[in-house]
Amino acid sequence: MKNHYTAVVVGGGPAGSAAAHTLAKSGVEVCVVDRFRFPRQKLCGGLLTQRAKKNYAAIFGPGWEEMYDYRCNGAKFFDGERLVNSIYNYGELYLCDRYRFDARLIDKARQRGAELVQGERVTAVDLRHRVCKLQSGKEITCRYLIGADGVNSVVANAIHNGKTSRNGKAFALEATLPAAALSRKIAEPEIYFDSIEWGYGWIFPRNDVVVVGVGGLFSKNRDFRASFNTFYRNRFGSEFAGVVKGHFVPFGEYSRGMGRDGVLLAGDAAGLVDPITGEGIAYAMQSGWLAAQSVLEALSGKSKYVNAEYRKRCAEITGELAYAAKIRNFLFSPATRALFITALARSASAPRRYMELMSGELTYRELLKNSGRKLLRLAADKITGT
Ligand SMILES: Cc1cc2nc3c(=O)[nH]c(=O)nc-3n(C[C@H](O)[C@H](O)[C@H](O)COP(=O)(O)OP(=O)(O)OC[C@H]3O[C@@H](n4cnc5c(N)ncnc54)[C@H](O)[C@@H]3O)c2cc1C
């Protein structure tokens, strides 16, 4: 490790790997610092959409087939025990183990020439002079700093002067279980809308294991462990006895500035997770890539204002997340949730729309425009009892 690099990336998850790969590919001297050694565990459902596949191909090129462990082409949507709707033959969804997925991504960045410093936590950041202070006492300076250090980002914390609140985030609990130990076979992702306030429960298959989780807005839930236990008992008819782990997830509150002073936030550090579906991997890769492109443009002299350029490039993502946050109020609010379930149950096209949203073929903006009138009609029917 040297004392100075053109770019330093804090965090080697999907956002950091995408940024480092893009910079190293263009010959920029870049160093990634991660607090863990790869491969490392990352709590995650591991669901990869067509959006993730497209972003991966644009950034890393070929090799998608090695990135996931299981694929299927449908999903089921439940309200309690009731199967509300389902979709088959949609197009593929992929499920990965983040232990392998993230290790492969960071390896690709390394192969391109990025330096990786592993097992070193960044403890503090001097934004003005772009200095990263490491747990070992060492310091690294850089011209551009990319904060890709996840939901509890040290870099974002420095940018927001420690004023980040947990209330706008979701908290999720998850367990990975041997598929053979469960009372039934899970072949495609199952989403349960009744299992937690302002969130949902999920059961995701992955060859010989199944991932079971619940996640919801932190401020709207009191006892996540009780929600998880009830969810598990109701789905599998027995008490949960294994290991369950928890983690925060950004859920609607993204960083408005996306960084400042040559420091750029990407992925969860910038809050880029869909506040309805919880999808974050695709946006992490995309924003890491966009951050690197903004740095490349600044280095080439084409742009003087790296942060303004980055904000502009991310507007497509942040605009969508802002629409999703509005729609979420309808989907998750106790006052209108029943309407949403009715709409989902009645509509032949709703599951397809959900999948299209996840693949990026439909935007939340288009959804709001197309469905607004239908939902108003449904609301009127409910009120008049027709
Ligand atoms: C329970 C759960 C289920 C989820 N399910 C899905 C899903 O099915 N599909 C989906 O698309 N998204 C899912 N998400 C969201 C997804 O996991 C994140 O959006 C995604 O991991 C963000 O990638 P990232 O690179 O920004 O951050 P991360 O993947 O969190 O990577 C951050 C990296 O930074 C490192 N780091 C952190 N702090 C420091 C520090 N101080 N110094 C040095 N290194 C540091 C960490 O070790 C880590 O390697 C889920 C999240 C949770 C919690």
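All residue numbers here refer to positions counted from 1 along the written sequence of the relevant chain. Selection of residues for local features in this predicted model requires a pLDDT of at least 70, selection of side-chain atom pairs for listing and counting requires 80 or more, and totals for whole chains, interfaces and linings are taken over all residues. Note that water and hydrogens are dropped before the side-chain values are worked out from all heavy atoms of the structure.

A.B. asks: Any chance you could explain the overall build of the chain here in plain terms?
C.D. replies: Helix and strand definitions here come from DSSP, where helices need a minimum of 4 consecutive H or I residues and strands a minimum of 2 consecutive E residues; each element is numbered from the N-terminal end. Counting its regular elements, the chain contains ten helices and 18 strands. By principal-axis analysis of the C-alpha atoms, the chain measures approximately 65 × 45 × 40 Å. Look at the contacts in the chain between residues 6 or more apart in sequence, and 70% of them connect residues 24 or more apart. Reported accessibility uses the Shrake-Rupley method at a 1.4 Å probe radius. Residues are deemed covered only where the shown protein chains occlude them. Within the structure as shown, the chain displays about 17,100 Å² of accessible surface, and the carbon and sulfur contribution to it stands at 48%. Positive charges are assigned to Lys and Arg, negative charges to Asp and Glu, while His and the chain termini are left out of the count. Charge placement uses NZ in Lys and CZ in Arg. For Asp and Glu, CG and CD serve respectively. A distance of 4 Å separates the average location of the 55 positive side-chain charges in the chain from that of its 37 negative side-chain charges. In what follows, residue pairs with any heavy atoms lying within 4.5 Å of each other are defined as contacts.

A.B. asks: Explanation requested: the environment of F36 in the structure shown.
C.D. replies: Turning to its location among the elements, F36 is positioned in the loop between β2 (30–34) and β3 (47–48). A simple rule labels every residue: compare its accessible area, found with a 1.4 Å probe on the protein chains alone, to the largest value its type can have, and call it buried under 20%, exposed over 50%, or partly exposed in between. Residue F36 is classed as partly exposed on the basis of its relative accessible area, which comes to 41%. In the structure, F36 is positioned 26 residues away from V10 in sequence and 12 Å away in space, judged by C-alpha atoms. Those residues in contact with F36, other than ones at most four positions away along the chain, are Q118 and G119.

A.B. asks: What should I look at first to understand the site of the ligand in this one?
C.D. replies: If you check the shell around the ligand, you find 38 residues, and the closest are D34, G45, R98, V122 and D268. Between the ligand and D34, the relevant distance is 2.6 Å, taken from an oxygen atom to a side-chain nitrogen or oxygen of the residue. N or O atoms within 3.5 Å of each other form a polar contact, as long as, within protein, one can give a hydrogen and the other can take it, and as long as residues adjacent in sequence are counted only when both atoms are side-chain atoms. Here R40 contributes a side-chain N or O atom positioned 2.9 Å from an oxygen atom of the ligand. Under this grouping Gly is polar, as are all residues other than the nonpolar Ala, Val, Leu, Ile, Met, Phe, Trp, Tyr, Cys and Pro and the charged Asp, Glu, Lys and Arg. Among the residues making up the shell around the ligand, the classes are represented as 17 nonpolar, ten polar and eleven charged. Any residue with a heavy atom lying within 4 Å of a molecule or strand is counted as near it.

A.B. asks: Looking at this structure, how should I read the sheet that holds β3?
C.D. replies: Pairing between the strands of a sheet is mediated by backbone hydrogen bonds and can be parallel or antiparallel. If you trace the three strands from one edge of the open sheet to the other, you get β3-β7-β4, paired in antiparallel fashion. Edge positions in the open sheet fall to β3 and β4 (70–72), since each of these has one partner strand only. Paired strands, as defined in this entry, are two strands with at least two bridges between them according to DSSP. As paired elements, β3 and strand β7 (residues 93–95) share two bridges and run antiparallel to each other. Its bridge partner lying in β7, L47 is registered against L95.

A.B. asks: In this structure, what is going on with the sheet that holds strand β14 (residues 199–206)? I would like to understand it.
C.D. replies: Here seven strands make up an open sheet; going across it, the order is β6-β5-β13-β14-β15-β12-β16 and the pairing mixed. This sheet does not close on itself; its edge strands, each paired only once, are β6 (82–87) and β16 (245–250). Across the sheet, the axes of successive neighbouring strands diverge by a mean angle of 20°, strand direction being ignored. Across five bridges, the pairing between strand β5 (residues 75–79) and β6 is antiparallel. Axis definition: a line fitted to C-alpha atoms, limited for helices to the stretch in contact. Angles are taken between N-to-C directions and run from 0 to 180 degrees.

A.B. asks: I keep staring at the domain arrangement of the chain and nothing clicks. Help me out?
C.D. replies: For an interface, size is often stated in terms of accessible area lost upon the parts coming together. Where each domain starts and ends follows an automatic or database-derived domain assignment. Per the domain assignment, the segments making up the chain are domain 1 (4–71 + 93–164 + 252–319), domain 2 (169–249) and domain 3 (324–384). Its C-alpha centre places domain 2 at a distance of 24 Å from the equivalent point of domain 3. The partner domain 3 presents ten residues to the six residues of domain 2 that form the contact. Summed over both partners, buried area is the accessible surface (1.4 Å probe) that two parts give up on being assembled. Counting each side, the surface lost to burial between domain 2 and domain 3 is near 730 Å², with a carbon and sulfur contribution of 72%. Three residues, F193, W198 and L217, lead the burial of domain 2 against domain 3; their summed loss comes to 76% of the area buried on that side.

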